[in-house]
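Fold and geometry: a report
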Amino acid sequence: MEVDEPVYDPQALQAKWLPRWEELNSFAAVEDPADTRPRKYMLDMFPYPSGDLHMGHGEVFAIGDVIARYWFQKGDNVLHPIGWDSFGLPAENAAIKRNAHPAEWTYANIETQATSFKRYGVSFDWSRRLHTSDPEYYRWNQWLFNRFFERGLAYRKGGLVNWCPQDQTVLANEQVVDGRCERCGAEIVRRELTQWYLKITDYADRLIDDMAQLEGGWPDRVLTMQRNWIGRSAGADVQFRIEGRDEPVTVYTTRPDTLYGATFFVVAADADLAEEIVSPEQREALEVYRAEVAKLSDIERLSTEKEKTGVFLGIHAINPVNGERIPVWAADYVLSDYGHGAIMAVPAHDQRDLDFARRFGLPVKVVVETGLDDPAETGVATTGEGRMVNSGPLDGLSKAEAIAAIIGILAERGTGRPAVNFRLRDWLISRQRFWGTPIPIIHCPDCGEVPVPDEQLPVTLPDLRGAALQPRGVSPLAGATEWVNVACPKCGGPAQRDTDTMDTFVDSSWYFLRYCDPHYTDGPFDVEKVRKWGPIDQYIGGSEHAVLHLLYTRFFTKVLHDMGMVDFTEPFARLLNQGQVINQGKAMSKTLGNGVDLGQQIDAYGVDAVRLTMLFAGPPEDDIDWADMSPAASQKFLARAFRVMTEAGAASAPGADVSAGDQELRRVTHRTIDEVTKLVEGYRFNVAIARMMELTSAARKAIDGGPGAADPAVREAAEILAVMLSLVTPYVAEEGWERLGHAPSVAKAGWPQADPALLVQESVTAVVQVAGKVRDRLEVAPDISEADLRALAIASDKVRPYLDGEPRKVIVRAPKLVNIVP
RNA sequence: GCCCCCGUAGCCCAAUGGCAGAGGCAAGCCCCUUAAAAGGGCUGCGUUGUGGGUUCGAGUCCCACCGGGGGCACCA
């Protein structure tokens, strides 16, 4: 079919314009320092190349593209890059299955996705493309690791870690959700391993405090999740003496005011301290208990229904304020890696302690008078406010007063001080898998951990494939003996490379900086260019990264800030979490068989109709149930818009005097410009599209039953429609623009400005209510005074029957409403 | 259990505290057509989830509850 025919053929438009756009290269960001236009940085979370693009990509990139294209139309200098998060497990699993190298699968998928992105018409600057699995990229992961290492922010330690038996690797805490692997859903087990960590806990305070910058720009939900995850709490450290031990033991508590109510003391069962202080008589009981606890999975251990367990350690602690002897127990409800791994138990005012006390018959002592029933009787701890009782000098004080007072007393005696604790743990980055960045450390029997010198980076991956990648509990790199055995960079003696690779979240923690110059060779990114582009004006991605990628990236940004490499402290000024595309009320999945293929949708309805459907479905953060959507209807609308543009283009030439055009249509057009501008800026794309549909209908009516297709107002409406549609449906917009007699590209035509004179209404309908019920409508001037409108309303024949003399009250909201209370 | 968001027409969704309906789907009708498709047009009486409250006026604000979604949940 000829594209000149007045028939909308989306596939023909795609075939026609895609190659033309490649030549035009309209979306390259401009680095010229003489270019003083406002710079805007728009970024969509980069994709993992797991096959072709899916419906979810279709939505995010449609949303991001509208924003970027709007900025382009406004004349901003826009950076809108694309790349691939191309290290990761699926490639490795595919390689094992096919007896191939992970790179083959990875780069083939990247090409597939790149082709799909181009077809999808996304306004990327393709010259900035990057792949994290390229040595030219991951060498800078290693370079950054070295910087972290120098600053003491990368360290190795032994301890219990999360092990995924399915993926055969350790995971960071953030990657364990409800005791299961965030990737594959397998139940996590605990293992004792020595691993590399990044010291994100050093930044815990700043990660919380800097969220003040993000208020309003980020969804509250994400900020709340990060706040919860970091889990900052304020309280006090209190020292207890343990009988028969010289060193006092410190506990952390958020309720130092309840210190007089401490009736026992609990040490984490797995803490070294438990073993250290247990009496000889109880040692065996402790060992038995520890063995039981070790057998429990996290899921069992964290179950809220689980009854408290524990064992008496045969010794006593001394309460520092009243000298009371309280028994010391070991239990698994106290965690060894939070606070000091030991607590003072105040059963009257802490539910966990109360549960434990009731289970083992320990005393309950009320020290806060709350007016509620005795916790010992009810089994419900009283955690609220109240007056202190049974607490010596604290008696009668409120909670806040008591906390301040007791901290003062403890500080004076040197047995306590204010303290802050965090739930956040350091970020474990070692992975026992192949397809990732090798950790650039050499283990030397004499020199210890020696970083690979910067000039020797990158440490590239050895050529392993197929069965050599089979997970066996240690990194596949350990099997590459030639690669592993190297000379120590320090002493030259025989040494071995670290065989783990980095968590791929390291790759994505700074990629947005590299886009400013992805081929830069003097560092991970060009500091000067980042100064000009950063931070990102708008970031878009799924809420599944609320505490993973987004937390890590914020951490990296702060470290880079401290290194003097970036001048901002938060990477993303604004964040949008798009909804998911689901089908028939459920997430699409292979097992449910309810998957919808993006490519097939595009083949059936065209790119424009699919993009339009994604954006018209509802607010961008809402889920889209594809079963409720009609891409066919979107296509129908586009055909309608296409005809309007075609007919207007055929009937007139560009450059006519618009002021002579049909005033009624011109008013609609300019009101549409005004509204769509505001709606797009507020990211209310579904409503903006509804306005474009109205404009299309108005133009249609003007052609059919009004001034006709040749009227300059029809041309004006069609041209503005083309420009506005270019944000959403670039192909039909481009074709329409051409048919209207303009050279491509409509993407750079410039955003229209509404003529204020055409926004003024000649008359307004004022509603007259009597006691809230509409009784009359009056056509009045928009600038009518309140007094005039009031007089008109009261004089109305339709209103008078409802009035009985002088009204009690008249509310006038000129020019739209009068409410008369009789 | 605690916290947050959402409940508007058969469906997806609009509505600065001011006429409950912008847009779309579905449905029905009309025009065009030999006919159908395509195209053009017309048609919206609904406890705004329920019950209270504030207000001249509540879909909108407040309280309680119901339903759906999300987050947190032995971190002392």
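Residues numbered from 1 in each chain as written. Chains lettered and ligands numbered in written order. Predicted model: local features only at pLDDT ≥ 70, side-chain atom pairs only at ≥ 80, totals over all residues. Heavy atoms only, no water.

1. Overview of the overall build of chain A
Of regular secondary structure, chain A possesses 27 helices and 34 strands. In terms of overall dimensions, chain A has C-alpha extents of about 100 × 90 × 55 Å along its principal axes. The buried share of chain A, taken over its 822 residues, is 55%. Nonlocal contacts in chain A, meaning residues at least 24 apart in sequence, comprise 73% of its contacts between residues at least 6 apart. Taken as a whole, chain A presents about 34600 Å² of accessible surface, with 49% of it coming from carbon and sulfur. (Helix = DSSP H or I, 4+ residues; strand = E, 2+ residues; numbered from the N terminus. Buried < 20%, exposed > 50% of the residue type's maximum accessible area, 1.4 Å probe, protein only. Contact = heavy atoms within 4.5 Å. Areas by Shrake-Rupley, 256 points an atom, 1.4 Å probe, with all protein chains shown as cover.)

2. As for the state of the cysteines
Chemically, a disulfide is nothing more than a covalent bond linking the sulfur atoms of two cysteines. As enumerated under the stated definition, the model contains zero disulfides in all. Free of any disulfide, C444 has its nearest cysteine sulfur in C488, 3.6 Å distant. On the basis of relative accessibility, which here comes to 7%, the residue C444 falls in the buried class. Residue C447 stays outside any disulfide, its sulfur separated by 3.7 Å from that of C491, the closest cysteine. (Disulfide = S-S within 2.5 Å.)

3. Focus: the environment of P654
Position of P654 among the secondary structure elements: in the loop between α21 (631-651) and α22 (663-681). For the pair P654 and D125, spaced 529 residues apart in sequence, the C-alpha separation works out to 31 Å. Ignoring any residue separated from it by four or fewer positions in sequence, one finds P654 in contact with R715, E719, L740, G741 and H742.

4. Remarks on unusual backbone geometry
Between L457 and P458 the backbone carries a cis peptide bond, its omega angle lying at 0°. Residue P535 is bonded to the preceding G534 through a cis peptide linkage, with omega at -15°. One can find P535 in the loop between α17 (527-533) and β26 (538-541). Here the phi dihedral of Q584 falls at roughly 55°; this positive angle occurs in a residue that is not glycine. Position of Q584 relative to the elements: it lies in the loop between β28 (581-583) and β29 (586-587). What makes Q584 exposed here is its relative accessible area of 56%. Positive phi, close to 60°, is recorded for Y683, a residue that is not glycine. Relative to the assigned elements, Y683 resides in the loop between α22 and α23 (685-705).

5. Some words on the packing of α21 against helix α24 (residues 712-725)
Following both chains from N to C, one finds α21 and α24 inclined at 135°, their axes separated by 9 Å at the closest point. In terms of orientation, α21 and α24 fall into the oblique class. Considering only the axes of α21 and α24, their crossing is left-handed. Contacts between α21 and α24 pair F637, A641, V644, M645, A648 and G649 from the former with V714, R715, A718, L721, A722 and L725 from the latter. Among the residues forming the contact of α21 with α24, the class breakdown is 10 nonpolar, one polar and one charged. (Axes fitted to C-alpha atoms, helices over the stretch in contact; angles between N-to-C directions. Parallel < 35°, antiparallel > 145°, perpendicular 65-115°, else oblique. Left-handed = near helix turned anticlockwise from the far one by under 90°. Nonpolar A, V, L, I, M, F, W, Y, C, P; charged D, E, K, R; others polar.)

6. Observations concerning the sheet that holds strand β27 (residues 575-577)
What the four strands build is an open sheet, ordered β2-β1-β26-β27; its pairing is parallel. Strands with a single pairing partner mark the edges of an open sheet, and in this sheet they are β2 (77-79) and β27. When strand polarity is set aside, the average angle formed by the axes of neighbouring strands in this sheet is 20°. Where β26 lies against β27, three bridges are found, and the strand directions are parallel. (Pairing = 2+ DSSP bridges.)

7. With respect to the protein's contact with RNA strand B
Near RNA strand B you find 48 residues, and of these Y338, R352, R684, R777 and N819 are the closest. In RNA strand B, atoms within 4 Å of the protein come 65% from sugar and phosphate. A distance of 3.2 Å is found between a sugar or linking oxygen of RNA strand B and a side-chain nitrogen or oxygen belonging to T253. Between RNA strand B and the protein, one listed contact pairs a phosphate oxygen with a side-chain N or O atom of R684 at 2.4 Å. (Near = heavy atom within 4 Å. Polar contact = N/O pair within 3.5 Å; in protein donor to acceptor, adjacent residues only side chain to side chain.)

8. Re helix α11 (residues 351-360)
Of the positions making up α11, those classed as buried are D353, L354, F356 and A357. All buried residues of α11 fall inside an arc of 165° around its axis, so they share one side. Taken together, the buried residues of α11 touch β12 (264-268), β13 (310-318), β14 (325-331), β15 (342-345) and α12 (375-378). Looking one or two places after α11, you find G361, whose phi comes out positive at around 65°. (Arc of directions from axis to C-beta.)

9. What about the side chain of D76?
For D76, the position within the fold is in the loop between α2 (55-74) and β2. Residue D76 is classed as buried on the basis of its relative accessible area, which comes to 6%. Sequence-distant contacts of D76, defined by excluding residues within four places in its chain, comprise R37, P38, K40 and W71.

10. A few points about the packing of aromatic side chains
Overall, the coordinates contain 40 aromatic pairs when judged by the stated rule. On the numbers, 5.9 Å between centres and 80° between planes, the contact of F61 with F124 is edge-to-face. Taken together, the residues F61 in helix α2 and F124 in the loop between α4 (102-119) and β4 (130-131) connect sequence positions 63 residues apart. Under the relative-accessibility criterion, F124 is labelled buried at 2%. Their ring planes at 25° and their centres at 5.5 Å tell us that F264 and F356 sit as a pair that is stacked. (Phe/Tyr/Trp six-rings, centres within 6.5 Å; stacked < 30°, edge-to-face > 60°.)

11. Brief notes about the sheet that holds strand β5 (residues 154-164)
Within a sheet, each strand pairs with its neighbour through backbone hydrogen bonds, oriented either parallel or antiparallel. Strand order in this open sheet of four strands is β6-β5-β9-β19, and the pairing throughout is antiparallel. Two strands in the sheet have a free side with no partner beyond their single neighbour: β6 (169-171) and β19 (427-428). Pairing between strand β9 (residues 189-198) and β19: two bridges, direction antiparallel. Pairing of Y197 across the sheet is with L428, part of β19.

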